[in-house]
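Working through the structure, step by step
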Amino acid sequence: MSVTPTAPTTPDPDHADAEQRYRQRLLDRIPRGLLIGGVWRSSADDKVVTVENPATGASLGPVASATVADGDAALTAATDVANTWKATPPRERGEILRRAFELLTDRAEDFATLMTLEMGKPLPQARAEVTYGAEFLRWYAEEAVRIDGRWSTAPDGRTRLLTMRQGVGPVLAITPWNFPLAMGTRKIGPALAAGCTMVIKPAIQTPLTMLALADLLTEAGVPAGVVNVITTASSSTVIAPLISDARLRKLTFTGSTPVGKALIRQSADQVLRVSMELGGNAPFLVFADADLDAAVEGAMLAKMRNMGEACTAANRFLVHESVASEFGRLLAARMEQEIVGDGLRPEVTVGPLIDNEQRSKVAELVTDAVDRGAQILTGGDAIEGAGYFYSPTVLTDIAPDTALLREEIFGPVAPITTFTSDAQAIGLANDTEYGLAAYAFTDHIDHAIAVSEALDFGMVGLNQGIVSNAAAPFGGMKQSGFGREGGPEGIEEYLETKYVGISTRPGL
Ligand code: NAP
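Let me begin by describing the structure that accompanies this report. Bear in mind that the values here come from a model prediction, so they are computed numbers and not experimental data. (Residues numbered from 1 in each chain as written. Predicted model: local features only at pLDDT ≥ 70, side-chain atom pairs only at ≥ 80, totals over all residues. Heavy atoms only, no water.)

**Concerning the pairing of strand 12 (residues 282-286)**
Most of strand 12 is tucked away, with five of its five residues classed as buried. Both faces of strand 12 are covered, namely the face carrying Ala282, Phe284 and Val286 and the face carrying Pro283 and Leu285. Summarising the sheet, strand 12 and strand 13 (residues 314-320) pair through five bridges and their orientation is parallel. Paired with alanine 282 across the strands is alanine 314, a residue of strand 13. Read as a crossover between parallel neighbours, the route from strand 12 over helix 11 (residues 292-304) to strand 13 is right-handed. Pairing of strand 12 with strand 18 (residues 437-441) involves three bridges; the strand directions are parallel. Bridged to valine 286 within strand 18 is phenylalanine 441. (Buried < 20%, exposed > 50% of the residue type's maximum accessible area, 1.4 Å probe, protein only. Helix = DSSP H or I, 4+ residues; strand = E, 2+ residues; numbered from the N terminus. Pairing = 2+ DSSP bridges. Right-handed = clockwise from strand over helix to strand, strands pointing away.)

If you want it as structure tokens, here you go:
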């Protein structure tokens, strides 16, 4: 089955109806089962779970809820074809990925619409995610044929050292709901290029995009069993036995730090190779010499992309006291231009949060900050009615020990605090257990370099509010995780290094 209806492009007398029909056809064509060994099937106990549109609360239909037995069957399928896939010529693996890139690009509008439906992000942002997500398939299509090794002479002059890199083996990939496509392709691209087979478990809030992608991968030529997808309402029960199964050789996880820690503990028994892309608490530094208009535009991108539901989202705005009130005024004015609503509507720039729990968490963080003396420049409230909307918010005068500055907000809330010196700015920025992304705005290159070097974060956006790029090594330090996704580094996560020591005959 494929997800291929084309969005209506010509003006329709009843445009809304045509759009509605297009979306329904799109939803109708998504396989709703588990993909195991190339076959779509229902779960062993026939249980399903319903997917919801967070903008309306409407049902988007059911998906299968896998059991422990289904998880085991998926790993068996991935194991059965592991050697065949590893032995498939790199060019062939690359060409399959390239076809997947092309199919995804051709169907960008379908995938964007699906993501907006199940996750809520406005359509233009969903389209941007398709472009970003597809790029990992193209990048690793190219990397598949560049897995090299080394030939060297040992210091004793007699032994030769042949160093080779081989696919690590079956991979379990667990992905979150906030980027339903790109968090998958960021793992699928390098894993398949390296010759690894996979079991993928998407988040239960947003499984449809991954199911549609799995269908597309099959159409692109990924052989049966190489990519298996299980959706489940019982993640911990289904995943734990897979992690303790000796056939599994690698776990790659993107999600929250608490769940990541639990999975690292579970992985210890097998000494499983693990990559962790976890939570963040990104500082956004605005120095006195920054171009304030550029800083505000960067702030909007770093804060408001995905409604603030990004691991890289600016979580704390640290602004030099000489420009703080002007920055706050400009940022609040810019926030007030945002249009909140159903992301399918073309004028909307801020969609709903993923669910009521997430919205309540954001509301509690803001209420707590206000109770401790924070001032609201704009926003500060949940929006009544269907869907889980929260108004774009700017706060100042935040007490230093406030939870809002310590926890991942994951919502459209910008807390501004001030600093008076570079040393204080860097001290505040680094004062977190997280170390994923940081942003800095300054107009002097020497200043920019010194600040970049002093920040304890895996990624720094210098005078720009976005760090994601398929050609760059995405990842964090400290409790934001380890391992990198994207760029030449991304494929290393799926490769083992082996060397062969070769004795030679001296004297010839
Ligand atoms: P989450 O609650 O940690 O869930 C992530 C994934 O793990 C989901 O598929 C979830 O399945 C699964 N899961 C949850 N508990 C599990 C368990 N005990 N055993 C096995 N699997 C389990 O995170 P989220 O709320 O989906 O995503 C938001 C978080 O992801 C944020 O902290 C964000 O910063 C982080 N994130 C990090 C990056 C990065 O690259 N560093 C990128 C994006 C997001 P269910 O859906 O079934 O619960």
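Here the narrative resumes, following the displayed structure.
**Points about the nonpolar core**
If you look at the biggest cluster of nonpolar residues, it comprises 117 residues, and the most contacted ones within it are Leu104, Leu192, Leu213, Phe284, Phe317, Phe327 and Leu331. Dropping the residues within four chain positions of it, phenylalanine 284 is found in contact with Ala295, Gly298, Ala299, Ala302, Ala314, Arg316, Phe317, Leu318, Phe327, Tyr439 and Phe441. (Core = buried A, V, L, I, M, F, W, Y, C linked by side-chain atoms within 4.5 Å. Contact = heavy atoms within 4.5 Å.)

**Some thoughts on the environment of asparagine 281**
Mapped onto the elements of the fold, asparagine 281 is located in the loop between strand 11 (273-277) and strand 12. Residues asparagine 281 and glutamate 407, 126 residues apart in the sequence, show an inter-C-alpha distance of 6.8 Å. In this structure, asparagine 281 is in contact with Asn315, Arg316, Leu405, Arg406, Thr432, Tyr434 and Phe457, ignoring residues within four places of it in sequence. Reaching out from asparagine 281, the side chain makes a polar contact with the side chain of asparagine 315 at a distance of 3.0 Å. (Polar contact = N/O pair within 3.5 Å; in protein donor to acceptor, adjacent residues only side chain to side chain.)

**Focus: the site of the ligand**
What surrounds the ligand is a group of 30 residues, the closest being Thr175, Ser235, Ser256, Leu278 and Glu408. A distance of 2.6 Å is found between an oxygen atom of the ligand and a side-chain nitrogen or oxygen belonging to serine 256. In isolation the ligand has 910 Å² of accessible area, and contact with the protein removes 86% of it. Among the secondary structure elements, those contributing two or more residues to the shell around the ligand are helix 7 (182-194), helix 9 (235-243), strand 10 (250-254) and helix 10 (257-268). With three residues, helix 9 is the largest single contributor of residues to the shell around the ligand. Here the residues of the shell around the ligand sort into 16 nonpolar, ten polar and four charged. (Near = heavy atom within 4 Å. Areas by Shrake-Rupley, 256 points an atom, 1.4 Å probe, with all protein chains shown as cover. Nonpolar A, V, L, I, M, F, W, Y, C, P; charged D, E, K, R; others polar.)

**Thoughts on the packing of aromatic side chains**
Scanning all chains against the criterion turns up seven aromatic pairs. Considering the side-chain rings of tyrosine 132 and phenylalanine 136, the 5.0 Å spacing of their centres and the 75 degrees angle between planes classify their relative orientation as edge-to-face. Note that tyrosine 132 and phenylalanine 136 are positioned in helix 6 (residues 123-143) at a spacing of four residues, about one turn of the helix. Exposure remark for tyrosine 132: the relative accessible area of 14% places this residue in the buried category. Three or more aromatic residues link up through ring pairs in this structure, and these residues are Phe284, Phe317, Phe327, Tyr439 and Phe441. The ring centre of tyrosine 494 lies 5.4 Å from the NZ or CZ of lysine 250, which sits over that ring. (Phe/Tyr/Trp six-rings, centres within 6.5 Å; stacked < 30°, edge-to-face > 60°. Lys NZ or Arg CZ within 6 Å of the ring centre and 35° of its normal.)

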